Every structure is written in structure tokens, then in C-alpha cells.
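# Commentary on secondary and tertiary structure
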Amino acid sequence: MEQNNGDDDLNNRTKHHRRPITMRTKFAGSLSLANIILIATIILYHCEIGASDEHDHLYSSNDEVVLWMNTVGPFHNRQETYSYYTLPFCKGPKKGISHHHETLGERLQGVELEFSQLDIQFKVNVDKTKFCEVKLTKFDVQSFEYAIRNYYYYQMYIDDLPITGSVGDLEETDKNGPVYIYTHKKFDIGFNGNRIVDVNMTSQQKVKLELGSTLEFSYEVNWRPSNVKFEDRFDKYLDPNFFQHRIHWFSIFNSFMMVIFLVGLVTMILMRTLRKDYARYNRDEEMDDMDRDLGDEYGWKQVHGDVFRPPAYPMLFTIMIGTGWHIATVTFLVICFQIMGDLYTSRGSMLSTSIFAYAATAPVNGYFGGSLYARFGGRRWIKQMFLSAFALPTMVCGTAFFINFISIYYHASRAIEFTTMLAVVSIILFIILPLTLVGTVLGRNISGHPDNPCRVNAVPRPIPEKKWFMEPSIIVMMGGILPFGSIFIEMYFIFTSFWAYHKIYYVYGFMMLVFLILTAVTACVTIVCTYFLLNAEDYRWQWTSFMAGASTAGYVYLYSFYYFFFKTKMYGLFQTVFYFGNMALFSAVLGIMCGTFGYVGTRAFVRKIYSTVKID
Ligand SMILES: *[C@@H]1O[C@H](CO)[C@@H](O)[C@H](O)[C@H]1NC(C)=O
């Protein structure tokens, strides 16, 4: 159906909606590197998705306003979502585009927008109007009843503003009694100039579900001038009372004190080890060689000939460190973008931004992993590079693949289509892999030469017996406690925003602080742990420091069990698998990152203290 009223703006808009192949290219706006990669991705998508102009959110009178129906699912299982029209709802009379083509991030998050076919025009009020009816068959009654008894909840969008509503209602007193379905949707839309700034939807008119009866669905639209600024239109979805609660501030303050304490402790250790040395140098003249060799050497100094011996499994180790650097970089960048750009206002853009930031910063992985591998004297650097590039993508895709099986079985909207998988695989093969290669080559050439302050002895020194609590495994377990303590309140906020409705995480400034605190705490704690380990004349510090940092994530995973059972009401196979699968992935990613913080911090410390050891 063509509208030809000479209104260019309207025509552009309708064309935009009609164009069968569209992709909203909306990311962090100013990301030029990500844009280059975006273009590359669009080429990868070729016929599937093309580029289009961005939705500009500007309307003139009588412009079509699209009500997109998204998903429906149990209130307590936020991730278990189905396309809205899997329930026997009916559409309005207006014809037009039926499907919204999503960005990569939206596709991966199971967004499934379908045009409701309701006739809504900018600043045109609509009185209560019936738009369709459903004669209830047995199947319809069963579907609706199941949905209402499980508190199904649906999501819609008008001009990117999310709207939620419940499918129906139960009797307050008798949960097994009759069920009622809402048949009337009343929209109150606030506009400010030529923009939509506020949408309220009220579900009205409860009708009892009965076999054979006819449900008449109706809607109503009231337009109201509003003073809300366009930039602030998402503010009503935020929950400052929750996210800026006293406890949140207090926990950050608390963690900050912990950082100060730990930094003090590390400084003290450093002063102590270095000062001893100083004193020794001053006494040098009075001491003969015998004294110096026997009298003053103890603890960590004994292992100077082994401490820079490459760790066991050097390839795996360098893959972990490269990936950890990469994850830390991406985390840092994404938090920065969030602080600058409020990405939460557009669906799926957080995930898209993360993917593109990950792809764009792939050289970081190659650089740090590759150069470390070269310094360890590794020879199979091509294998190392490949494994490094694929390590995290494999973990993520493996988890997604596993969850996808269950999604497909459930017909959930999260099921990932083949084309989307192809796009992800293309990004990995054609962007991440080559960029990792670039990073590896740079890393090997710039900082791939061994530069240890002490020579490594040809024969490894035996590791003496020590007390049980000095065993690396115990140190590793102790290592994660303090870092976990510094982040677990933040974890609660992050989990809640992800797993519960109506909580959009927006306090990215807090997240940045916690990220920095976590970095500092992990590094300091592992330094202290390593100092004890070296003093017990055990030189296996590389893996120990990595694992001591990484064990933080073990505690986070344990915490996620507590959270599941005591803080949420999730149920069902799909949601449970989705929860524990994604939490395992999240913990693994966090673990690799914290492990890297631990190793990198410890490495600096070890190099510092051994650089003062005199070797004959
Ligand atoms: C939506 O509801 C809120 C809270 O009740 C109210 O302040 C606001 O004015 C409503 N907006 C519109 C457009 O009716």
C-alpha cells in the first residue's frame, strides 16, 4: 500500500519500514574502528542484511508510529522468551512490514520484533477500537491458561521505548480458580515537540477464558504533551533507589579501604626485601665472600636460579594470559562506552558493542600472549596464535550452542538462526584471527626477547617440603577470597539487572570503580601469596599467581548458586540451563581476567625483587 501525499519525511520513513532488508547500525556512535569492522560484517552478511539510515526518532503529525510486539514469557524466567504471536493473539488490520530486522546483538539476545498491525499515528488520538477477535478453540484456551497461570508477561516497543504488560490475571484468593485475560490495551503516549518521550500502557477489561467464546481485542491511544526531554526519556526505567542504595556506596567505600590496606601491605613487603638488600650492599666492604654467600641468603633468594624458569604448559599459560589481557581491554572499553553513551537505551547494542570491541582489540591478545610465549622460548608460535584466537570464542560459542539446543527444543525466541551463527563464525575467522596474527607478530618482534633479571639454572632445584598451608593449591584457594569480597555486592547488582525485569543497570561509574578496585586487589593479594610461596622456596609462581587470581571466579560461581536459590524464582529446564550455563561462562571469563591481573601484578613484583639479587 503506497501513501502518496507528498510528505517526504513520511515517505522516507515508510520506505525505511518497508525496505525488506534493514539493519540498524547503531552502536556507540563514535567508534570509528568498530565502524570499519561493522562494514566488514555487513559485507559478510551480504544479501542477508544491508545497511540503512538510522531511525531518527523524529515524527510529524499523522506519521505512522509502529507498535512492535516483542516476546512473551514467564515473569520469573526473564530469559525464557517466546515470540509474542506464539500465543494465539491476533494482529490488527493494518498491512505493512511484518518483521523487524535486527542487529547482531538483538538477534543473539532473542529479540523478535513483529509488527502489531495496529494503526497508530503521531498525535492522533484513537478511541477504544476493536482490532481483531479470536474465537477460542480448545488449544487457544489451553495456551492462554498455561500462560496466565505462569504469569506470562509480554514486551512491546514504541519508538524503542519498552512497554511491558501481563497477559492475564488470576483470582487473588483462589489460584486454581478461573483465569482472566486482558483484552484492552490503553496507550498514553507523551510527546515533546516532534518526539515521543513517554509511553504508558494499561491493560484493561478482564475477560474470563471460556471454550467457544470470542475474545475481542481492542486498543485506545491518547496523546499528551509532556515536558520530559528526549534525552531523559529512559530515566523512568531506571531505579535509583535500588542501584544507588546506601549499601552500594558503602561497599565501594569498603573495597576502596581494602585496596589501601593491601597496597600498604605490598609496599611494606617490597620495602622490607629491598631494604635488606640495601643494608647488605652497605655492609659489603666489611663482609668477606663467605659471609655474603652463606650468611644472608634465605627464602625467596634461594630460588633465583629457578624463578624465571618457564611454567609448565607454557602454551596454555600464554593463551590464558593473552586472552585475559584481551578480556580486560574489552571490559574496560565497554564500560567506558557505557559511561559515555548510555548504551542501555538501545536494544542489544551492549552485546553488539562488546562483540565489535572484542574483534577490534584482537591484536591485544596476540601481542601479550605471543610475546610471552616467545620469552618462554616456545617454538610453535603459529599453533599458539591459533589457539589463542579461538580459545574464548570457542568457549562462548560452545555454551551458546549447548543452550541453543534447548532453545530449539522449546521453540524459544533465543534460538539462534543459522545465518547469525554464520555471521559470528565469519567475524571470528576473518576479523579476529587475522588481527590476532598481527598482534602476535608485533609482540614477538617488539617484546619477544628473554629479559629476565636472573639466569635460569640448567638443573631445576628440588622443592623442599613445606607446611600444608604453603601448598600452591591452598594458596590458590585463599587468593580469591579478598577479591571476591571486594566485588560480590556489585555482582548482586549486575546479576539482578540481568536476571530480573525492570532493573536496567545504568551505574557504570560504579562498575568502573569496582573494575579498578578488583584489578588492584587481585594484583596485591596474589603478590602477597607469591611472596609466601617463594619464601617457602617453591618457584612455581606463574601458575600459582594466575590461579590465585582466577579462584575469585570460583567464588563468584558459588555465589551464583546462592543467588539462584535464594534471590530468584526461576524454574524449568530452559531457564535453569540458561542460568547455570551463562554463569559458568561469565565466571570463566572473569576468572581468566582476574588470573591475568594476578600474574601481571606478580610478575612485576618478582622482577623487581630479583633484580636486586646479585648473581655470581
Ligand atoms: C505515565 O505514568 C506516569 C506515572 O503514573 C505519569 O507521571 C505520566 O504522566 C504518564 N504519562 C503519560 C503520557 O500519560
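Residues numbered from 1 in each chain as written. Predicted model: local features only at pLDDT ≥ 70, side-chain atom pairs only at ≥ 80, totals over all residues. Heavy atoms only, no water.

Identification of the chain as Transmembrane 9 superfamily member from Blomia tropicalis is taken from an unreviewed UniProt entry. You can read under Sequence similarities (unreviewed entry) in the UniProt record for the chain the words "Belongs to the nonaspanin (TM9SF) (TC 9.A.2) family." According to the UniProt record, the Subcellular location (unreviewed entry) comment for the chain is "Membrane". (UniProt positions renumbered as here; feature names shortened; annotations may be inferred.)

### Comments concerning the overall build of the chain
The helix and strand tally for the chain stands at 17 helices and ten strands. When the 616 residues of the chain are sorted by exposure, 53% land in the buried category. For the chain, restricting intrachain contacts to residue pairs at least 6 apart in sequence, the fraction spanning at least 24 positions comes to 82%. About 28,500 Å² of surface is accessible on the chain, with carbon and sulfur atoms providing 63% of the total. (Helix = DSSP H or I, 4+ residues; strand = E, 2+ residues; numbered from the N terminus. Buried < 20%, exposed > 50% of the residue type's maximum accessible area, 1.4 Å probe, protein only. Contact = heavy atoms within 4.5 Å. Areas by Shrake-Rupley, 256 points an atom, 1.4 Å probe, with all protein chains shown as cover.)

### Things to note about helix α15 (residues 508-535)
In this model α15 runs 40 Å from its N-terminal to its C-terminal C-alpha over 28 residues, within 8% of the 40 Å that 1.5 Å per residue would give. Phi turns positive one or two residues past the end of α15, at glutamate 537, with a value near 60°. (Expected span 1.5 Å × (residues − 1).)

### Considering the pairing of strand β10 (residues 214-225)
Bridge analysis of strand β4 (residues 126-135) against β10 gives seven bridges, and the strand direction is antiparallel. Bridging across to β10, threonine 129 finds its partner in tyrosine 219. With eight bridges connecting them, strand β8 (residues 179-192) and β10 associate as parallel partners. By the bridge assignment for β10, lysine 186 is matched with glutamate 220. (Pairing = 2+ DSSP bridges.)

### Points about empty space enclosed by the protein
The full count for this structure, using the stated rule, is four cavities of 30 Å³ or more. Space inside the second largest cavity adds up to approximately 70 Å³. What lines the second largest cavity is simply Leu67, Met69, Tyr84, Tyr85, Phe89, Cys90, Lys91, Ser116, Leu118, Phe131, Lys185 and Phe217. Broken down by class, the residue content of the lining of the second largest cavity amounts to nine nonpolar, one polar and two charged. (1 Å grid on protein atoms, 1.4 Å probe; cavity = no way out; pocket = protein on both sides within 12 Å on 5 of 7 lines; lining within 4 Å. Points joined across faces, edges and corners; volume = space filled by probe spheres on them. Nonpolar A, V, L, I, M, F, W, Y, C, P; charged D, E, K, R; others polar.)

### Let's talk about the state of the cysteines
By definition, a disulfide links two cysteine residues through a covalent bond between their sulfur atoms. A full pass over the atoms with the stated rule returns one disulfide. Across a sulfur-sulfur distance of 1.8 Å, cysteine 90 and cysteine 132 are joined as a disulfide pair. The chirality of the disulfide connecting cysteine 90 with cysteine 132 is right-handed, given an S-S dihedral of about 70°. One end of the pair, cysteine 90, is in the loop between β2 (82-83) and α3 (104-108); the other, cysteine 132, is in strand β4, and 42 residues separate them in sequence. The residues cysteine 90 and cysteine 132 share a single accessibility class, namely buried. (Disulfide = S-S within 2.5 Å.)

### Let's talk about the packing of helix α8 (residues 314-341) against helix α16 (residues 541-567)
Packed helices, taken two at a time, are described by the angle their axes make and the gap between the axes. At a closest axis distance of 12 Å, the pairing of α8 and α16 adopts a crossing angle of 40°. Here α8 is positioned oblique relative to α16, judged by the angle of their axes. Handedness of the crossing formed by α8 with α16: left-handed. Contact residues: α8 offers Leu316, Phe317, Met320 and Ile321, while α16 offers Gln542, Trp543 and Phe546. Taken together, the residues that form the contact of α8 with α16 break down as six nonpolar, one polar and no charged. (Axes fitted to C-alpha atoms, helices over the stretch in contact; angles between N-to-C directions. Parallel < 35°, antiparallel > 145°, perpendicular 65-115°, else oblique. Left-handed = near helix turned anticlockwise from the far one by under 90°.)

### A look at the pattern of salt bridges
Where charged atoms from two side chains of opposite charge approach closely, those side chains can pair. Summed over the entire model, instances satisfying the criterion amount to 17 salt bridges. Aspartate 451 serves as the salt-bridge partner of arginine 607, at 3.4 Å between the closest nitrogen and oxygen. Taken as a pair, arginine 607 in helix α17 (residues 573-610) and aspartate 451 in the loop between α12 (418-447) and α13 (472-479) lie far apart in primary sequence, 156 residues in all. Arginine 461 is paired through a salt bridge with glutamate 537; the nearest N and O atoms lie 3.1 Å apart. (Salt bridge = Lys/Arg side-chain N within 4 Å of Asp/Glu carboxyl O.)

### Some points on the site of the ligand
Every residue close to the ligand is listed here: Asp188, Ile189, Gly190, Asp198, Asn200 and Arg224. Asparagine 200 places a side-chain nitrogen or oxygen 2.2 Å from an oxygen atom of the ligand. One nitrogen or oxygen atom from the side chain of arginine 224 is found 3.2 Å from an oxygen atom belonging to the ligand. Alone, the ligand offers 360 Å² of accessible surface; in the complex the protein occludes 45% of this. Within the residue set of the shell around the ligand, elements represented by two or more residues are β8 and β9 (195-208). The element that contributes the greatest number of residues to the shell around the ligand is β8, accounting for three residues. Each residue belonging to the shell around the ligand can be placed in one class, and the counts come to one nonpolar, two polar and three charged. (Near = heavy atom within 4 Å. Polar contact = N/O pair within 3.5 Å; in protein donor to acceptor, adjacent residues only side chain to side chain.)

### Things to note about the packing of α15 against α16
Interhelical geometry of α15 versus α16 gives an angle of 140° and a closest axis separation of 9 Å. With respect to α16, the element α15 is oriented oblique. Helix-helix and strand crossings are classified by hand; for α15 and α16 the assignment is right-handed. Here Thr522, Thr526, Thr530, Leu533 and Leu534 of α15 come into contact with α16, specifically with Trp541, Thr544, Ser545, Ala548 and Gly549. Class assignment of the residues belonging to the contact of α15 with α16 gives a composition of four nonpolar, six polar and no charged.

### A word on the packing of aromatic side chains
According to the stated counting rule, one finds 65 aromatic pairs in the structure shown. Ring centres 4.8 Å apart and planes at 85° place the aromatic pair phenylalanine 498 and tryptophan 499 in the edge-to-face group. Exposure remark for tryptophan 499: the relative accessible area of 5% places this residue in the buried category. Note that lysine 91 overlies the ring of tyrosine 85, its terminal NZ or CZ placed 4.8 Å from the centroid. It is lysine 206 that lies over the ring of tyrosine 180; its NZ or CZ is 5.7 Å from the centre. (Phe/Tyr/Trp six-rings, centres within 6.5 Å; stacked < 30°, edge-to-face > 60°. Lys NZ or Arg CZ within 6 Å of the ring centre and 35° of its normal.)

### What about the pairing of strand β5 (residues 152-158)?
Counting buried residues in β5 gives seven out of seven residues, a clear majority hidden from the surface. The side-chain alternation of β5 yields two buried faces, one formed by Tyr152, Tyr154, Met156 and Ile158 and the other by Tyr153, Gln155 and Tyr157. Sheet topology note: the strand β1 (residues 67-74)/β5 ladder contains six bridges and is antiparallel. Within β5, the residue paired with proline 74 across the bridge is tyrosine 152. Where β5 lies against strand β6 (residues 161-166), six bridges are found, and the strand directions are antiparallel. Bridging from a neighbouring strand, methionine 156 pairs with isoleucine 163 of β6.

### What about a nonpolar patch on the surface?
On the surface, Phe250, Phe253, Phe256, Met257 and Ile260 cluster together into a nonpolar patch covering about 530 Å² of accessible area. Note that phenylalanine 250 resides in helix α6 (residues 246-283). Overall, phenylalanine 250 belongs to the exposed group, its relative accessible area being 54%. (Patch = residues over 30% accessible without salt bridge, like charges linked within 9 Å, V, L, I, M, F, W, Y side chains within 5 Å.)

### A word on the environment of arginine 540
The residue arginine 540 is located in the loop between α15 and α16 in this model. You can call arginine 540 partly exposed: its relative accessible area is 40%. For the pair arginine 540 and aspartate 306, spaced 234 residues apart in the sequence, the C-alpha separation amounts to 8.7 Å. Residues in contact with arginine 540, not counting those within four places in the same chain, are Ile463, Lys466, Pro472 and Leu533.

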